[in-house]
Amino acid sequence: MTAATTTTSTQGTPGGAHIEIRDLTKSFGSFTAVDNLSFEVQPGRITGFLGPNGAGKTTTLRMLLGLVHPTSGTARIDGRDYRDLDRPLSVVGSALEATNFHPGRSGRDHLRVIAAAGGLPDSRVDELLELTGIPAAARKRAGEYSMGMRQRLGLAAALLGDPRVLILDEPANGLDPEGIRWLRGFLRHLAGEGKTILVSSHLLQEVEQTVDDVVIIANGRLVRSGTMAELHGAPTTIVRTSDNDRLVGALRVADVMAAPGADGELVVETGDKRLVGDVALQAGVPVWELRDRRTDLEALFFQLTEGTNRNLGDGATSLPGATQPGATQPGATADAPTETDAISGREGANE
Ligand SMILES: Nc1ncnc2c1ncn2[C@@H]1O[C@H](COP(=O)(O)OP(=O)(O)OP(=O)(O)O)[C@@H](O)[C@H]1O
């Protein structure tokens, strides 16, 4: 696959730009949408920004893009607030919504308007239409686009200025399996160029094959961050045998710990299946099953964020030990004063 080439920026370190969220809080009246949130996003990596509906992902991204003023804290790209970036198009590209295209305007014309505003040539538009796989649709009116095509057009718009940072809100929404696979490869290529990529999703499973790092929030607060490998935990092996005690003893001699798991299986604290098989053979214990133990990411995500979907209103419950100062109680959304985006007229921003 070909992809946009990276130009050298005049700001920060060439090629790489960090995102830094520090003690970020956003309150709408007495409702705390984002609550003292801190995390970093590294260049050359794809970071999944995860949380259930209403967790505060979009509000955080909008603060990062200067569309919403933080109540306190900072959200910086390459060490600066968005409004202080000299040439924002070349530093950060974003696709926050896949629906806000003028329905009567073609995809190509939509991109040409953005390109003209940023002083970019029309050739860049055609390049991006090609890269995002929608050149044929370019002359169609955006109102006739499928959700998947709108996602690709949004991505093309975000990449017009060849930014070093890419911020995408739920980019896999509306994509079919082939589209999701394409997106994965495309983002991987861009990360390989050194771009800093932040992708929000409300499903860990949806992005588990795409992202390197994760930041998980619930009720506007950080509940977990780290690499995908850390989230998966230390590798372990499941083994089934006729004589667990004998195998546990033999493994202990080999300095490998094992403990009984569910349904008579043994959980062995190593990912080295060959070692487990060899030890079992030497101990004369038949092996009936030998496999990696995979972390159930869906269960883990649910455990971390259980009952915190604030969009559901009454009935949702807070995380244990994560009560929200400032009256961020379940169901508070219904009473939260709504601020309207002065630019777009849409709810969800206040600047
Ligand atoms: N302008 C606003 N005025 C009042 N409340 C708001 C405003 N914008 C967002 N909220 C509330 O803040 C909470 C966080 O919303 P946000 O859109 O950031 O969540 P999200 O994690 O992106 O959710 P989703 O996955 O559903 O998009 C929600 O309860 C939402 O209703």
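For the chain, an unreviewed UniProt entry supplies the name ABC-2 type transport system ATP-binding protein and the organism Knoellia remsis.

A. Representation of the nonpolar core. With 46 residues, the main nonpolar core has L166 and L187 as its most contacted residues. When residues of this core are assigned to their parent elements, the largest contribution, 7 residues, is made by helix α5 (residues 147-159). Residue contacts for L166: discarding those within four places in its chain leaves G93, L155, A158, L159, L187, L190, T196, I197 and L198. Counting residues in each nonpolar core, the second largest holds 26 residues, with L24, V41, I77 and V92 among its members.

B. Fine view of the sheet that holds strand β11 (residues 258-260). Ordered by their spatial adjacency, 4 strands build an open sheet running β11-β12-β10-β13, and the pairing between neighbours is antiparallel. Bordering the open sheet on either side are β11 and β13 (287-293), each of which pairs with just one other strand. The mean inter-strand angle of the sheet, taken between neighbouring strand axes irrespective of direction, is 25°. Bridge analysis of strand β10 (residues 236-241) against β13 gives 6 bridges, and the strand direction is antiparallel. Each residue of the ladder has a partner; that of V239, found in β13, is L290. In this fold helix α9 (residues 244-253) packs onto β10, β11 and β12 (266-268), with an angle of close to 10° to the strand it touches most, β12.

C. Examining unusual backbone geometry more closely. Positive phi outside glycine occurs at E170, with the angle close to 50°. Inspection of the secondary structure assignment puts E170 in the loop between β6 (165-169) and α6 (177-192). Overall, the relative accessible area of 10% leaves E170 in the buried class. The phi torsion at D263 lies on the positive side, around 55°, for a residue other than glycine.

D. Spotlight on the packing of helix α3 (residues 107-117) against helix α4 (residues 122-131). Packing of α3 against α4 brings their axes to within 9 Å, and their N-to-C directions diverge by 135°. Judged by the inter-axis angle, α3 sits oblique to α4. Here α3 and α4 pass one another in a crossing that is right-handed. Residues R108, L111, R112 and A115 of α3 form the contact with α4, whose participating residues are D122, V125, D126 and L129. Across the contact of α3 with α4, the residue classes tally to 4 nonpolar, no polar and 4 charged.

E. Examining the pattern of salt bridges more closely. Taken as a whole and judged by the stated rule, the model has 22 salt bridges. Between D81 and R76 there is a salt bridge; the shortest N-O distance is 3.2 Å. Between R124 and E127 there is a salt bridge, and its shortest N-O distance comes to 3.0 Å. Of this pair, R124 and E127 are both found in helix α4, 3 residues apart, which corresponds to roughly one turn of the helix. By relative accessible area, R124 is classed as buried at 9%. Each of the salt bridges in this network shares a partner with another, and the network as a whole consists of R240, E265, E289 and R291.

How each quantity is defined
- Throughout, residues of each chain are indexed from 1 in the direction in which the sequence is written.
- Whole-chain, interface and lining totals are the exception, using all residues; otherwise, since this is a predicted model, local features are given only for residues with pLDDT of at least 70 and side-chain atom pairs are given and counted only at 80 or more.
- Excluding hydrogens and water, the side-chain values take into account all heavy atoms of the structure.
- Working definition of a nonpolar core: buried Ala, Val, Leu, Ile, Met, Phe, Trp, Tyr and Cys residues. They are joined through side-chain atoms within 4.5 Å.
- When accessible area is computed with a 1.4 Å probe and restricted to protein chains, residues below 20% of their type maximum are described as buried, those above 50% as exposed, and intermediate ones as partly exposed.
- In DSSP terms, a helix is any run of H or I states spanning at least four residues, a strand is any run of E spanning at least two, and both are numbered starting from the N terminus.
- Contacts are assigned to residue pairs that have any heavy atoms within 4.5 Å of one another.
- By this definition, two strands are paired if DSSP reports at least two bridges between them.
- Working convention: axes come from line fits to C-alpha atoms, limited for helices to the stretch in contact. Angles between N-to-C directions cover 0 to 180 degrees.
- With respect to orientation, any angle under 35 degrees is reported as roughly parallel, any angle over 145 as roughly antiparallel, any angle of 65 to 115 as roughly perpendicular, and every other angle as oblique.
- By convention, the crossing between two helices is left-handed when the near helix turns anticlockwise from the far helix through less than a right angle, and right-handed when the turn is clockwise.
- The nonpolar class holds Ala, Val, Leu, Ile, Met, Phe, Trp, Tyr, Cys and Pro. Asp, Glu, Lys and Arg form the charged class, and all remaining residues, Gly among them, are polar.
- A pair is scored as a salt bridge if a Lys or Arg side-chain nitrogen falls within 4 Å of a carboxyl oxygen belonging to Asp or Glu.

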